[in-house]
Amino acid sequence: MAQPDDYGFSEEAALLKYSARKFFKSNFPTDKLQKMVADNPDSARVQISNWDKALWQQLLELGWTLLAVPESADGLGLPAVAVAGLVEEVGRAAFPCPLLATLNTTYVLAACGESANGALREIAEGTTATLALTNRAGSWQPEDTEVVASEGKLNGTAYFVQDAGKVDKFLVCARKGTGHSLYWVATDAPGITVHADAIVDLTRDQAHVDFADVEADQVCEDGLKALGQAFPAICTMLAADVIGAAEWQLQTTAEYARTRTQFDRPIGFFQAVKHPLVDVMIQIDEAKSLVYNAACAIDHEPKRAAEYAHMAKASASETAAFASSRSVQFHGGIGYTWECYVQLYFKRQKHSQMLWGDAAWHRGRLADIVLGKVS
Amino acid sequence: MSESDSKDTPEQAEFRQHCRDWLCDNTPAEPSFRLPISALEIMTEEQLKYLKDWQKSAYDAGLVGCDYPVEYGGGGRTNCQRIANEEMHRAKTPYMPNIIGLGMAAPTLLHHGQEELKKHLLPRLLSGEDIWCQGFSEPGSGSDLASVQTFAQRDGDAWIINGHKVWTSLAHFAAWMIILLRTDKTEKHGGLSYFVVPISSALGQGVTVKPLIKMTGETGFNEVLFEDLPVNDGLRLGGLGQGWQVATTTLLHERDAGELVTPRSGGMKNAASHNADTANLIDLARKTQYNGKPAVQDPLLRDRIMQQLIRETGLQENQRRARVPALLEHPARLQLQNKLLRSEIAQETAALALEVAGASASLYLGDENAPAGGQWPLAYMSTYGNTIAAGTSEVQRNILGERVLSLAKSK
């Protein structure tokens, strides 16, 4: 199947994207984010998930979590390019919420077949969820999970579980016999203990989750197949979040370079500042083009979706690192302070950079596809 | 249906079919002699004739200048040049010789030329009968283009030109030159005017063309000296003192950021045409031994080859996204990056190819053991033409920083 030249990015998709931008601009300016998540710089503070539940509730009512749910499970079944456009705006606002986690879960459930229809319907009704499948070493290959299923019960620990403190359900990948299956379970089910991690990123939360004889519903027998099928969407949506956040970093730093004066000139006059800022913009644009290409492949050219998603996340990870580095450096002394907003995006981007695989990891997988595996 | 044609308008779809039918019967056979890497290195009459014949036949079939008005020798179509270009690449045709004319002179003439001039010059330009060159840079005016000193002195209805242009590709074959001249020494930008001037018909009568040799050993660009060349005022494009504004149209098109799509063909595999792209790089890595294994199996080289592939794909996708206004933050942001990215990515890819080739990268054209006939060192050196010409990469970054990010101007 061929990709449409315009990525299939419809008027409806543009409306969704730009109304989201407007929504965050009026309801969630960056000073509000700073007040909400950065009230306490003490690293010994208790880890609590700071987020605006009331605002999130409004977004739930607007139907944001059912955008990616297939129509057969009472969702809207929007194409991935439209969802990516929305996620870009969430990244730009660095809005703390379980949208990405729920979207990721949705894409995996949608790849499970009929057995997951019940779980998908729950999401369509407003349930939020996240994936629990990473091991202690932070492997992004779900077959490395440390959770084991036997006789319908889960035991073990899942690490690096994203936004675990905000969601209603876990979708767990567990070893079962010689295979791996997926389980759907409430986050407060008996036997589950959620340990919040102390993390750098103030706009997310993360936890490791203990499972001790937890009864859970199996929603998919061949879990690795479903996860493999959904992986391009997981990487592409995170990359969309990254380019949105990077655009904020670029615009904020350019604004500072236009107004901050040294040696009697705005610092943006100096090519030591001007040229690297242009390079940040160039990286964002390449990554953004690759994100829409990957999203369009998910919709129209699934055979190449993995290849394009690796490109998108590799490019986005590099962009996250470079845009963050320049945003702090070019703000000078103030950029190094807790009160300056660039720290919030710097930390969010550092988290995103490694989440679901850093640039080198994705290039390694891409090389296996393009060049063949090394014998 | 392929990727590119699924969104054609009815006019584009019909035109695409016409291109395919014609190319099927009329794509020329490879020549028996070597063609240079691009039109900018054409050295012999034999090469020139082969390429001019190709451009003329493609023009006669309506594949060149399709979006130009009929009264100026064009096809009078809408957004069809891109279709023709895609089909010519697909058919692996030769490239067009009149690259400066098509890419820079034609859009500038169309926007700023007087009616008579356009009717007289454009048809012969589009068909390739008249080869064009560009007289912008001077020995003392490179990145600071608006400082040009070649002077036009008013003499009744005419102008007398004296000065020195340099890096002038194709001047040795050119009938015409687009030229940026100083008509007023008291103002920098406001003292410039833009003309078209005859070259071949004035050789020895006020015009001297001297070849320059590139670091690759190729010729193709020149110095052009003007000594008391008389030029009629009717050959001026735009108003007196408006030369900088007219030159902006030229430069935008030169950097792939103009509104008209440049007629461009190519794709022919030739012993001496070797694009510095990742497809060729991967081909080299498969054939080359590195530490006792095929280079394509070396983990560090694999990573770096993927970095190039990702950037190259990103650039292609930029060009696609530039056609989707809903996904743009600023109207010119992607177009102004094209030239910079195309030249720098090719340079990095060629540099990596030399590393992959290892000791064999020392072998150049003419050595029977050279990988790909020695084309990689040539391709690598040639990329510097592209990161320097048409506004250096440094100037491109200034333009992007100032126009798109509104940072303070360098000058």
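All residue numbers here refer to positions counted from 1 along the written sequence of the relevant chain. The naming scheme follows written order: chains are lettered A onward, ligands numbered 1 onward. This being a predicted model, a pLDDT of at least 70 is required before a residue's local features are given, and a value of 80 or more before pairs of side-chain atoms are given or counted; all residues contribute to the totals for chains, interfaces and linings. Note: side-chain values were computed over all heavy atoms of the structure, leaving out hydrogens and water.

Tallying secondary structure elements over chain B gives 11 helices and 10 strands in all. Using C-alpha atoms as the atom set, the radius of gyration is obtained and then compared with a globule rule of 2.2 Å times the number of residues to the power 0.38. The C-alpha atoms of chain B give 22 Å as radius of gyration, which agrees with the globular expectation for 411 residues (22 Å, within 12%). Per-residue accessibility, obtained with a 1.4 Å probe over protein chains only, is compared with the maximum for each type, and a residue is labelled buried under 20%, exposed over 50%, and partly exposed between these values. With 411 residues in all, chain B has 55% of them scored as buried. Contacts between residues were defined by any pair of non-hydrogen atoms, one from each residue, lying within 4.5 Å. Across chain B, every contact between residues at least 6 apart in sequence was considered, and the portion connecting residues at least 24 apart equals 71%. Carbon and sulfur atoms make up 52% of the accessible area of chain B, which totals about 17,300 Å². If you average the places of the 41 positive and of the 49 negative side-chain charges in chain B, the two averages end up 4 Å apart. We count a stretch as a helix when DSSP gives it H or I for four or more residues in a row; a strand needs E for two or more, and each element gets its number in order from the N terminus. Working definition of accessibility: Shrake-Rupley area with a 1.4 Å probe, residue cover restricted to the visible protein chains. Charge counting follows a simple rule: Lys and Arg are positive, Asp and Glu are negative, and His as well as the terminal groups are ignored. Taken as the charge location is NZ of Lys, CZ of Arg, CG of Asp or CD of Glu.

Here the focus is the interface of chain B and chain A. With 46 residues of chain B at the contact, the number on the chain A side is 54 residues. Carbon and sulfur atoms supply 58% of the area that chain B and chain A bury against each other, a total of about 4,400 Å² over both sides. Buried area: the accessible surface (1.4 Å probe) lost by two parts on joining, summed over both. Contact with chain A buries surface across chain B, with R302, R320 and L405 of chain B losing the most and accounting together for 15% of the total. We count a salt bridge whenever a side-chain nitrogen from Lys or Arg sits within 4 Å of a carboxyl oxygen from Asp or Glu. Where chain B packs against chain A, one counts 12 salt bridges. The salt bridge partner of K274 of chain A is E402 of chain B, with a shortest N-O separation of 2.6 Å. Secondary structure elements with two or more residues in the side of chain B that touches chain A: α7 (278-287), α8 (299-321), α9 (338-357) and α11 (393-404) of chain B. The greatest single-element share of the side of chain B that touches chain A, amounting to 13 residues, is contributed by α8 of chain B.

Bringing the domain arrangement of chain A into the picture now. Residue and element names in this part refer to chain A. Under the domain assignment, chain A is made up of domain 1 (11-124), domain 2 (129-222) and domain 3 (225-371). For the domains described, the bounds stem from an automatic or database domain assignment. On a C-alpha basis, the centres of domain 2 and domain 3 stand 28 Å from each other. The interface formed by domain 2 and domain 3 holds 0 salt bridges in total. Distance and chemistry together define a polar contact, namely a pair of N or O atoms within 3.5 Å, with one atom able to donate a hydrogen and the other to accept it when in protein, and with adjacent residues in sequence counting only for side-chain atoms on both sides. Our count for the contact surface shared by domain 2 and domain 3 stands at 8 residue pairs in polar contact (both at pLDDT 80 or more). Amino acids outside the nonpolar list (Ala, Val, Leu, Ile, Met, Phe, Trp, Tyr, Cys, Pro) and the charged list (Asp, Glu, Lys, Arg) are all regarded as polar, and Gly is one of them. Residue classes in the side of domain 2 that touches domain 3 are distributed as 10 nonpolar, 4 polar and 3 charged.

Structurally, R323 of chain B can be placed in the loop between α8 and α9. Note on R323 of chain B: relative accessible area 36%, which makes it partly exposed. C-alpha of R323 of chain B to C-alpha of L334 of chain B: the two residues are 11 residues apart in sequence and 9.9 Å apart in space. When neighbours within four sequence positions are excluded, R323 of chain B is seen to be in contact with D5 of chain A together with R82 of chain B. Separated by 2.9 Å, the side chains of R323 of chain B and D5 of chain A make a polar contact.

In this section: the domain arrangement of chain B. Residue and element names in this part refer to chain B. As far as domains go, chain B holds domain 1 (4-130), domain 2 (133-254) and domain 3 (278-404). Distance from the C-alpha centre of domain 1 to the C-alpha centre of domain 2: 25 Å. Where domain 1 abuts domain 2, roughly 2,000 Å² becomes buried across the two surfaces, and 69% of that area is made up of carbon and sulfur atoms. Its largest share of buried area at the contact with domain 2, domain 1 owes to M104, T108 and H112, together 26% of the area lost on that side. Here domain 1 and domain 2 share 1 salt bridge between them. Here E41 makes a salt bridge to K214, at a shortest N to O gap of 3.1 Å. Between the two partners, domain 1 and domain 2, sit 5 residue pairs in polar contact (both at pLDDT 80 or more).

This brings us to the side chain of E301 of chain A. Residue and element names in this part refer to chain A. Within the secondary structure layout, E301 lies in the loop between α8 (271-300) and α9 (305-335). One buried charged residue, E301, forms no salt bridge at all, with the nearest opposite charge on R304 at 4.3 Å. Here the side chain of E301 touches Q3 through a polar contact of 3.1 Å, side chain to side chain.

What follows concerns the nonpolar core. Within the largest apolar cluster, 127 residues are counted, with the highest numbers of intra-cluster contacts made by F95 and L182 of chain A. Examining the composition of this core, we find that 15 residues originate from one element, helix α7 (residues 223-259) of chain A, more than from any other. With residues up to four places along the chain from it excluded, the contact list for F95 of chain A reads F24, F28, D52, L55, W56, L59, V90 and R348 of chain A. Side-chain atoms within 4.5 Å are what join buried Ala, Val, Leu, Ile, Met, Phe, Trp, Tyr and Cys residues into a set we call a nonpolar core. Counting residues in each nonpolar core, the second largest holds 77 residues, with C80, A84, L121 and C133 of chain B among its members.

This next bit is on empty space enclosed by the protein. Residue and element names in this part refer to chain A. Here the term cavity refers to a set of points on a 1 Å grid, laid over the protein atoms alone, in which a 1.4 Å probe fits but cannot get out; the term pocket refers to an open set having protein on both sides within 12 Å along at least five of seven lines, with lining residues being those that place an atom within 4 Å of a point. Grid points are joined across faces, edges and corners, and a volume is the space filled by probe spheres set on the points. Applying the stated criterion to the full structure yields 5 cavities of 30 Å³ or more. Here the largest cavity is characterised by a volume of approximately 170 Å³. Forming the boundary of the largest cavity are 18 residues, of which C97, L100, A101, D163 and R204 lie nearest the centre. Counting only elements with at least two residues in the lining of the largest cavity, the list comes to α5 (99-110) and α7. When residues in the lining of the largest cavity are grouped by element, the largest group, 4 residues, is from α5. For the lining of the largest cavity, a count of residues per class yields 11 nonpolar, 3 polar and 4 charged. Quantified by volume, the second largest cavity comes out at close to 70 Å³. Considering the residues around the second largest cavity, the lining is formed by A101, N104, T130, L131, L133, T134, F160, Q162 and W356. The set of elements that each furnish at least two residues to the lining of the second largest cavity consists of α5, β1 (129-132) and β3 (153-162).

On to the packing of α8 of chain A against α8 of chain B, then. To obtain each axis, a line is fitted to C-alpha atoms, and for helices this fit is confined to the stretch in contact; angles are then taken between N-to-C directions over 0 to 180 degrees. The contact between α8 of chain A and α8 of chain B brings their axes to 8 Å, and the two run at 80°. Taken as axis vectors, α8 of chain A and α8 of chain B run roughly perpendicular relative to one another. Between α8 of chain A and α8 of chain B, the contacting residues are I282, D285, E286, K288, S289, L290, N293 and C296 of chain A on the first element and I310, R311, T313, G314, E317, N318, R320 and R321 of chain B on the second. Classifying every residue of the contact of α8 of chain A with α8 of chain B by side-chain character gives 4 nonpolar, 5 polar and 7 charged. The labels follow the angle: roughly parallel below 35 degrees, roughly antiparallel above 145, roughly perpendicular from 65 to 115, and oblique for the rest.

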